[in-house]
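Secondary and tertiary structure notes
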Amino acid sequence: MRYTRLTQPLVRERGELRPAGWDEALDRAAAGFARNVEKHGPDSFGMFSCSRATNEMNYIAQKFVRQAIGSNNIDSCNRT
């Protein structure tokens, strides 16, 4: 089986995936995070970052989780 790489975001609408622009896809993702945090609280969100990512990327990830989401649920394989 041959897989092809996605070249644009896809969003689900009425159970089907359709191509979308980046702004729409990011808005939907942000709305989903916000809806989940509002319904279940910030500790319902967690993120795992990778030691192969740059220090800057890991810093941004932890900043996002702590500031935007309001959770300390972030971990990485850096400490293994």
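A count of helical and extended segments in the protein gives 2 helices and 4 strands. Reading the protein from its N terminus to its C terminus gives the helix and strand order β-β-α-β-α-β. Over its C-alpha atoms the protein spans a radius of gyration of 15 Å, topping by over 25% the 12 Å that the globule rule assigns to 80 residues. With the principal axes as the frame, the protein shows a C-alpha extent of 40 × 35 × 25 Å. For the protein, buried positions account for 20% of its 80 residues. Counted over contacts in the protein with a minimum sequence separation of 6, partners at least 24 positions apart contribute 39%. As displayed, the protein offers around 6800 Å² of accessible surface, 53% of which is attributable to carbon and sulfur atoms.

Our focus in this paragraph is unusual backbone geometry. Within the chain, R14 stands out as a residue other than glycine whose phi angle is a positive 50 degrees. Structurally, the position occupied by R14 is in the loop between β1 (10–13) and β2 (16–19). Its relative accessible area of 76% is what places R14 among the exposed residues.

About the cut-offs
Residues numbered from 1 in each chain as written. Predicted model: local features only at pLDDT ≥ 70, side-chain atom pairs only at ≥ 80, totals over all residues. Heavy atoms only, no water. Helix = DSSP H or I, 4+ residues; strand = E, 2+ residues; numbered from the N terminus. Rg over C-alpha atoms; globule rule 2.2 N^0.38 Å. Buried < 20%, exposed > 50% of the residue type's maximum accessible area, 1.4 Å probe, protein only. Contact = heavy atoms within 4.5 Å. Areas by Shrake-Rupley, 256 points an atom, 1.4 Å probe, with all protein chains shown as cover.

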